[in-house]
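Commentary on secondary and tertiary structure
Take a look at the letters that make up each chain.
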Amino acid sequence: MKDLVIIGAGGLGKEVAWLIERINKLNNEPKWNLLGFIDDNPILFNKIINSYDVIGNIDYLIENLPKVNVICAIASPIIRKKIISKLGKMNYISLIDPSVKKSELVDIGKGCIVCADVIFTVNIQVKDFSIIDRKCNIGHDSVIEEFSTLYPGVILSGNTIIKKCVEIGSNSCVIQNLTVGEHSIVGAGATVINDLPCNCTAVGTPAKPIKYHDEK
């Protein structure tokens, strides 16, 4: 088994621990030895969450476990990017739930999390440190760029481009041939029928920007 820690002891972190358990059950010998969680919230230090220890914070990881395998289970793209930048060079892995359906023509980068019941079709790129949550459906020739997060039930039709550090809310849909600009947020249940610019929050059906924010 290979030692592994999860950065983030919140809801997504707990779900990723379950994902790891599911992967281990598929093998005659478990693949991952989950050492526990890394979290900067001092209230959680030395606590046990779903049978796993919170073993320290980011500085502890850098100083004591520089060669351990790492997965970052922080849903916010901005926070996730800051953590990865602080950590520097680490042994980042990707985790793909056993229930995921995908063709051989899907390229998934390092540090990615793909949760249960996701479907990828063909000629799809998921770039580094992206998170695809439960029951997302990703159409042909789509590109999901670095540090983006798709929450449960998102549908991307074919030829969609999700730029860096985008968040797409639960049960949203992006129709074919569209681009969502960097650092934008699509609200839950929205339907995107036009390209969205960078640094906006868009909601509704059809989705329209309701505010703009500075790039983080």
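Residue positions are counted from 1 within each chain, in the order its sequence is given. With the structure being a predicted model, the display of local features is reserved for residues of pLDDT at least 70 and the display and counting of side-chain atom pairs for 80 or more, all residues being used for whole-chain, interface and lining totals. As a convention, hydrogens and water are excluded, and side-chain values are obtained from all of the structure's heavy atoms.

The next subject is the side chain of Thr 149. Strands are runs of DSSP state E lasting at least 2 residues, helices are runs of H or I lasting at least 4, and numbering of each runs from the N terminus. One can find Thr 149 in strand β15 (residues 149-150). Contact definition: two residues touch when any of their heavy atoms are within 4.5 Å. Beyond its immediate sequence surroundings of up to four residues, Thr 149 is in contact with Ala 75, Pro 77, Arg 80, Ile 131, Val 166, Glu 167 and Ile 168.

All right, on to the nonpolar core then. Only buried Ala, Val, Leu, Ile, Met, Phe, Trp, Tyr and Cys residues count toward a nonpolar core, and they belong to the same one when joined by side-chain atoms within 4.5 Å. Residue burial is assigned from relative accessible area. The probe radius is 1.4 Å, only protein chains are included, and a residue is buried under 20% of its type maximum, exposed over 50%, and partly exposed in between. Judged by nonpolar contacts, the single largest core of 29 residues is most densely connected at Phe 120, Ile 132, Leu 150, Leu 156 and Ile 168. Taken together, the elements giving at least two residues each to this core come down to β8 (106-108), β11 (124-126) and β23 (200-203). The residues contacting Leu 150, other than those within four sequence positions of it, are Ile 131, Ile 132, Asp 133, Cys 136, Ile 138, Ile 144, Leu 156 and Ile 168. Within the second largest apolar cluster, 23 residues are counted, among which are Ala 9, Leu 12, Ile 23 and Ile 93.

Attention shifts here to the packing of aromatic side chains. For this analysis, a ring pair means two rings from Phe, Tyr or Trp (six-membered ring only for Trp) whose centres lie within 6.5 Å, classed as stacked if their planes differ by under 30 degrees, edge-to-face if by over 60, and tilted for the remaining angles. Within the structure shown, the criterion is met by three aromatic pairs. The interplanar angle of 15° and the centroid separation of 5.2 Å between the aromatic rings of Phe 129 and Phe 147 together place this pair among those described as stacked. Note that Phe 129 is positioned in the loop between β11 and β12 (131-132) and Phe 147 in the loop between β14 (143-144) and β15, a separation of 18 residues in sequence. Both residues of the pair, Phe 129 and Phe 147, belong to the buried class. Among the aromatic side chains, those forming a connected cluster through ring pairs are Tyr 92, Phe 129 and Phe 147. We count a charge as sitting over a ring when the NZ of a lysine or the CZ of an arginine lies within 6 Å of the ring centre and within 35 degrees of the ring normal. A cation sits over an aromatic face here: Arg 22 above Trp 18, 4.7 Å from the ring centre.

What follows covers the sheet that holds β11. Strand order in this open sheet of five strands is β8-β11-β14-β17-β20, and the pairing throughout is parallel. Among the strands making up the open sheet, the edge pair consists of β8 and β20 (179-180). Strand pairing follows a simple DSSP-based rule, namely that at least 2 bridges must link the two strands. As paired elements, β14 and strand β17 (residues 161-162) share two bridges and run parallel to each other. Looking at β17, one finds that Ile 144 is bridged to Ile 162.

A carboxyl oxygen of Asp or Glu within 4 Å of a side-chain nitrogen of Lys or Arg is what we treat as a salt bridge. One pass over the structure, following the stated rule, counts five salt bridges. Here Arg 134 makes a salt bridge to Glu 15, at a shortest N to O gap of 3.1 Å. With Arg 134 in the loop between β12 and β13 (137-138) and Glu 15 in helix α1 (residues 11-25), this residue pair connects regions lying 119 residues apart in the sequence. Looking at Glu 15, the relative accessible area reads 32%, which means it is partly exposed. What you see here is one network of salt bridges that share partners, running through Glu 15, Asp 133 and Arg 134.

A separate point is the environment of Pro 206. Locating Pro 206 in the fold gives a position in the loop between β23 and β24 (208-212). Judged by relative accessible area, Pro 206 falls into the partly exposed class, the value being 35%. Sequence separation between Pro 206 and Asn 46 is 160 residues; the distance between their C-alpha atoms is 47 Å. Dropping the residues within four chain positions of it, Pro 206 is found in contact with Thr 191 and Ile 193.

We now examine the sheet that holds strand β22 (residues 191-192). Read across the open sheet, the five strands follow the order β10-β13-β16-β19-β22; overall the sheet is parallel. With one partner strand each, in any of the chains shown, β10 (119-120) and β22 form the two edges of the open sheet. Across two bridges, β10 lies against β13 in parallel orientation. Counted as the bridge partner of Ile 119 is Asn 137 from β13.

Coordinates in, geometry out; function isn't part of it.
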